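# Chain and residue survey
Residue-level listing of the chains:
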Amino acid sequence: MTRTSLNRLAAACLIGLTAPLTVVLATAGESQAAGPTAEELGRRVQQFYDSTKTFKASFTQTYTIKVQDVKKVSTGKVTFEKPGKMSWIYDAPNGNRVVSDGDTIKVYEKDNEQMFETPVKGSQYPAALAFLMGKGQLTKDFSLRLLDSGQMKFEGGYVLEGTPKEATPAYQKMLLYVDGQTNQVRRVLILDAQGNRNRFDFTSPVVNQPVAKTEFDFTPPPGTRVVRP
């Protein structure tokens, strides 16, 4: 397997080992309600996560494959710790794992009994989630605009659309559903060039609580095929 294939796989698993994004990107209009501008909201969100050392939450991931009209739903727990550490634990029967200790990303596929391992520097961290890991800047990395939260069925908050300023094969756009009171991101939706949608809903978020060092260590079961670039 080539380095490019591994990079794309790591990005897909990270942001869609089961992946979803938004289908109404082209039709939703900019928000007309009084409130922050897109740039102001981007700064508020960035400031909130810049002030956090750790982030933990339950997640529901919904991955829709457009060409096959297939939807896959997975649940689990996610933990981020700055700088660059993360741990995605998927509930059974999925059982997949995505782990980064800040230096190496490991993507474990339970059903295929294999794990892809690649250096962080050689991978494509999805910028849509990078700010949660203390990497990237929303206002620097994306062109931002506000969408109408009513049309997007997200009352009590804001919907921020981001288009990466530097093209990436991992995705074309992302949406952040931002809590109007706390500036926390409650949902992330990502759209790739093939029209696939990768949606993450975060619930019961907790910030700045200690995280065990072992959270970002992972050894696959015996017999797992390990693939490296």
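Residues numbered from 1 in each chain as written. Predicted model: local features only at pLDDT ≥ 70, side-chain atom pairs only at ≥ 80, totals over all residues. Heavy atoms only, no water.

### Digging into the environment of Pro220
As for its placement among the helices and strands, Pro220 is situated in the loop between strand S11 (197-207) and strand S12 (225-227). Considered as a pair, Pro220 and Arg97 are 123 residues apart in the sequence and their alpha carbons are 9.2 Å apart. Discounting chain neighbours no more than four positions away, the residues touching Pro220 are Tyr108 and Met115. (Helix = DSSP H or I, 4+ residues; strand = E, 2+ residues; numbered from the N terminus. Contact = heavy atoms within 4.5 Å.)

### What about the pattern of salt bridges?
Under the defined criterion, the tally for this structure stands at seven salt bridges. Notably, a salt bridge pairs Lys85 with Glu81, separated by 3.8 Å at the nearest N-O pair. Under the relative-accessibility criterion, Lys85 is labelled partly exposed at 25%. The class for Glu81 is buried, based on a relative accessible area of 14%. Here Asp201 makes a salt bridge to Arg187, at a shortest N to O gap of 2.6 Å. Of the two residues, Asp201 is situated in strand S11 and Arg187 in strand S10 (residues 185-191); the sequence distance between them amounts to 14 residues. Per residue, the accessibility class of Asp201 equals that of Arg187, and both read buried. A single salt-bridge network, built from bridges that share partners, covers Arg145, Glu161 and Lys173. (Salt bridge = Lys/Arg side-chain N within 4 Å of Asp/Glu carboxyl O. Buried < 20%, exposed > 50% of the residue type's maximum accessible area, 1.4 Å probe, protein only.)

### Observations concerning the confidence of the model for the protein chain
Taken over all residues, the pLDDT of the protein chain has a mean of 84, while the share at 70 or more is 82%. Across the protein chain, the secondary-structure element scoring lowest on mean pLDDT is helix H1 (residues 3-16), at 44, and the one scoring highest is S12, at 96. Scored below 50 in pLDDT, residues 2-13 makes 24 contacts in the model with residues more than four places away or belonging to other chains. Counting interchain partners and residues more than four positions distant, the pLDDT-below-50 stretch residues 15-33 has 83 contacts. (pLDDT = per-residue confidence, 0-100.)

### Description of the nonpolar core
Ranked by internal contacts, the top residues of the largest apolar core, which has 37 residues, are Trp88, Leu176 and Phe202. A per-element tally of this core places helix H2 (residues 38-50) first, with five residues. Residues Met152, Phe154, Tyr177 and Leu189 belong to the second largest nonpolar core, which totals seven residues. (Core = buried A, V, L, I, M, F, W, Y, C linked by side-chain atoms within 4.5 Å.)

### Notes on the packing of aromatic side chains
Applying the stated criterion to the full structure yields 11 aromatic pairs. Between Phe48 and Tyr49, the ring centres sit 4.9 Å apart and the planes meet at 85°, which makes this aromatic pair edge-to-face. Here the aromatic rings of Phe80 and Trp88 are separated by 5.8 Å at their centres, their planes lie at 90°, and the arrangement is edge-to-face. Among the residues examined, Phe80 registers a relative accessible area of 1% and is labelled buried. These aromatic residues form a ring-pair network of at least three members: Phe48, Tyr49, Phe55, Phe59, Phe80, Trp88, Tyr90, Phe200 and Phe202. In this structure, Arg187 packs its charged tip against the face of Tyr177, placed 4.6 Å from the ring centre. (Phe/Tyr/Trp six-rings, centres within 6.5 Å; stacked < 30°, edge-to-face > 60°. Lys NZ or Arg CZ within 6 Å of the ring centre and 35° of its normal.)

### Looking at the side chain of Asp179
Secondary-structure assignment places Asp179 in strand S9 (residues 173-179). Accessibility expressed as a relative area gives 17% for Asp179, which makes it buried. Within the structure, Asp179 has its side chain in polar contact with the backbone nitrogen of Gln181 (distance 2.7 Å). The residues contacting Asp179, other than those within four sequence positions of it, are Phe154, Gly156, Gly157, Gln184 and Arg186. (Polar contact = N/O pair within 3.5 Å; in protein donor to acceptor, adjacent residues only side chain to side chain.)

### Quick notes on the environment of Leu191
With respect to the element layout, Leu191 can be found in strand S10. Residue Leu191 is classed as buried on the basis of its relative accessible area, which comes to 15%. Once the C-alpha coordinates of Leu191 and Lys173 are considered, the two residues, 18 residues apart in sequence, prove to be 5.4 Å apart.

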